[in-house]
Amino acid sequence: CSAVGRGWWSDQGGAPVSYTTLDVPLHDGDGSHIHTVEYFSKGGEKGAKRAPLVCLHGYGFGTGLYFSTMPSIVGRWGGRVFALDSLGCGLSSRPRWRLAQGESADVAEVEEFFVGGLERWRKSMKIDRMVLLGHSIGGYLAVAYAERYPQHVDRLILASPVGVPHPPAELAAAIGDAPFLVRTVLGMWRSGWSPMTLAKLGLGNMMMRGYVSRRFADVDWIPKDLLQAYLYQNWSGGRNSGGGYAHSTLLVPGGLGELAYARQPLVDRIPRLRVGRISAIYGEFDWMDHRNMKALKTSLLKRKAEAGLDAPLIEVIRVASASHQIPIDNPLGFAEAVLDSCNDADAAHGTTVGGSRGAIGRLVPGYH
């Protein structure tokens, strides 16, 4: 996927981009590693003036999530740029899952599985401070990492993070009134069953083909066959490990408002972070509701003004013509959002980027 993204960027007239892959040892006594892609731009800004950008993926994905947006970012970042397969995901080690599953799992233990892996990766790479970008459940885990290791986080970029609000009070009743099949599936989620198991039973190609063809039906520039094959390998290859159980151990099913809610919502955790700045990026048509983050931003500003609360400064950015998979839906718009937020551009404070709605940025050619 990285090679395809590099070729696509070249077709747009971008500076030449290269990358290298490495399996970074975690020195944990188990021989575990985290699969890492580092990007380079021959025509980019010289020198590592900015803290490294480290990108985490969401559920079922890996480094390939950033295949088309990364070439646009790396040339203008001014520092090292990495995308990782989280421990238990993708081409990283997939240790046998020895923690509890579903709602019986201890959230702190599950978070430590991922956060501890990232921290050992940081130490192995000899990185002091980083800009940590996480998409979806990767955004949730980025917050969990910043809670434990704020001294190593320069700032957070949360791309359509899962688990911001509390679930609505009516959710339990709505699930109780749902059709039998829906209640059965949600019950399997709560008990810890992983959909990746279904993919491993021989249905992976059908599942991924259906997802890619429906989700990206009107996007003719995405290499659908390659994306399908990539996701098939992610879901069907190796053990489920942490990547297969992250949804059922950290989240509960939604359906009202958002499709999933965190067992320990971020709305209660972000105010206590010792990180100065958080950029929250959402797609224009995202099923993660950006208004929850905007409400948190407003609440923190009010509490800071009234009581002098020391809390992160939050900015909310929306990327035009994008849904939840923002880096794929509008890679140029996503890159603009990341770069402008870290450049403290005026346009990055609560606006829409990457579209023609009176905002900055460019749309991906052929996608509107």
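Here's what I pulled together on the structure shown here.

Conventions we followed
Residues numbered from 1 in each chain as written. Predicted model: local features only at pLDDT ≥ 70, side-chain atom pairs only at ≥ 80, totals over all residues. Heavy atoms only, no water. Salt bridge = Lys/Arg side-chain N within 4 Å of Asp/Glu carboxyl O. Helix = DSSP H or I, 4+ residues; strand = E, 2+ residues; numbered from the N terminus. Buried < 20%, exposed > 50% of the residue type's maximum accessible area, 1.4 Å probe, protein only. Phe/Tyr/Trp six-rings, centres within 6.5 Å; stacked < 30°, edge-to-face > 60°. 1 Å grid on protein atoms, 1.4 Å probe; cavity = no way out; pocket = protein on both sides within 12 Å on 5 of 7 lines; lining within 4 Å. Points joined across faces, edges and corners; volume = space filled by probe spheres on them. Nonpolar A, V, L, I, M, F, W, Y, C, P; charged D, E, K, R; others polar. Pairing = 2+ DSSP bridges. Right-handed = clockwise from strand over helix to strand, strands pointing away. Axes fitted to C-alpha atoms, helices over the stretch in contact; angles between N-to-C directions. Parallel < 35°, antiparallel > 145°, perpendicular 65-115°, else oblique. Left-handed = near helix turned anticlockwise from the far one by under 90°. Contact = heavy atoms within 4.5 Å.

**So, the pattern of salt bridges**
One pass over the structure, following the stated rule, counts 15 salt bridges. For the salt bridge of Arg269 with Glu111, the shortest nitrogen-to-oxygen distance reads 2.9 Å. On the criterion of sequence distance, the pair formed by Arg269 in the loop between strand S8 (260–262) and strand S9 (277–283) and Glu111 in helix H3 (residues 107–125) is long-range, its members being 158 residues apart. Glu111 gets classed as buried once you look at its relative accessible area, which sits at 2%. In this structure, Arg215 and Asp329 form a salt bridge, with 2.6 Å as the shortest nitrogen-oxygen distance. Taken together, the residues Arg215 in helix H7 (residues 195–215) and Asp329 in helix H11 (residues 326–329) connect sequence positions 114 residues apart. Using a relative accessible area of 22% as the deciding quantity, one classes Arg215 as partly exposed.

**Notes on the packing of aromatic side chains**
Following the criterion strictly, the structure yields eight aromatic pairs and no others. Measuring from ring centre to ring centre gives 6.2 Å for Tyr19 and Tyr39, while their planes differ by 40°; the resulting arrangement is tilted. Of this pair, Tyr19 sits in strand S1 (residues 17–25) while Tyr39 sits in strand S2 (residues 33–41), and the two are 20 residues apart along the sequence. Taking the relative accessible area as the measure of exposure, Tyr19 reaches 30% and is therefore partly exposed. Among the residues examined, Tyr39 registers a relative accessible area of 2% and is labelled buried.

**Section: empty space enclosed by the protein**
Scanning the model with the defined rule gives two cavities of 30 Å³ or more in all. In terms of lining, the largest cavity is formed by 17 residues, of which the most central are His57, Gly58, Gly60, Cys89 and Gly243. Of all elements in the fold, only helix H4 (137–148) and helix H9 (241–250) reach the threshold of two or more residues within the lining of the largest cavity. For the lining of the largest cavity, a count of residues per class yields eight nonpolar, eight polar and one charged. A volume near 90 Å³ is recorded for the second largest cavity. Contributing to the lining of the second largest cavity are Ile34, Leu56, Leu84, Ser86, Leu87, Phe114, Val115, Gly117, Leu118, Leu141 and Tyr145. Residue contributions to the lining of the second largest cavity peak at four residues, all from H3.

**Looking at the pairing of strand S4 (residues 81–84)**
Burial along S4 is two-sided: the face carrying Val81 and Ala83 and the face carrying Phe82 and Leu84 are both buried. As paired strands, S2 and S4 are joined by four bridges and run antiparallel to one another. When the bridges of S4 are listed, Val37 appears paired with Ala83. As a crossover connection, the stretch from strand S3 (residues 53–56) through helix H2 (residues 70–77) into S4 is right-handed.

**Section: unusual backbone geometry**
Positive phi is not limited to glycine here, since Lys126 has a value of about 60°. One can find Lys126 in the loop between H3 and strand S5 (130–135). Of the residues examined, Lys126 reaches a relative accessible area of 75% and is grouped as exposed. The backbone phi angle of Ser136 is positive, close to 60°, even though this residue is not glycine. As for its placement among the helices and strands, Ser136 is situated in the loop between S5 and H4. Judged by relative accessible area, Ser136 falls into the buried class, the value being 9%.

**Some details on the packing of H7 against helix H8 (residues 224–236)**
Here H7 crosses H8 at 165°, and the two axes come no closer than 9 Å. Regarding the angle of H7 to H8, the classification is roughly antiparallel. Every pair of crossing elements has a handedness; the one defined by H7 and H8 is right-handed. Residues Pro195, Met196, Ala199, Lys200, Gly204, Asn205, Met207, Met208, Arg209, Tyr211 and Val212 of H7 form the contact with H8, whose own contacting residues are Lys224, Leu227, Gln228, Leu231, Tyr232, Asn234, Trp235 and Ser236. In the contact of H7 with H8, the residues fall into eleven nonpolar, five polar and three charged.

**A look at the pairing of S3**
Burial along S3 is two-sided: Leu53 and Cys55 facing one way and Val54 and Leu56 facing the other are all buried. Pairing between S3 and S4: three bridges, direction parallel. Bridge pairing links Leu53 to Val81 in S4. Where S3 meets S5, four bridges bridge the pair, whose relative direction is parallel. Looking at S5, one finds that Cys55 is bridged to Leu133.

Coordinates in, geometry out; function isn't part of it.
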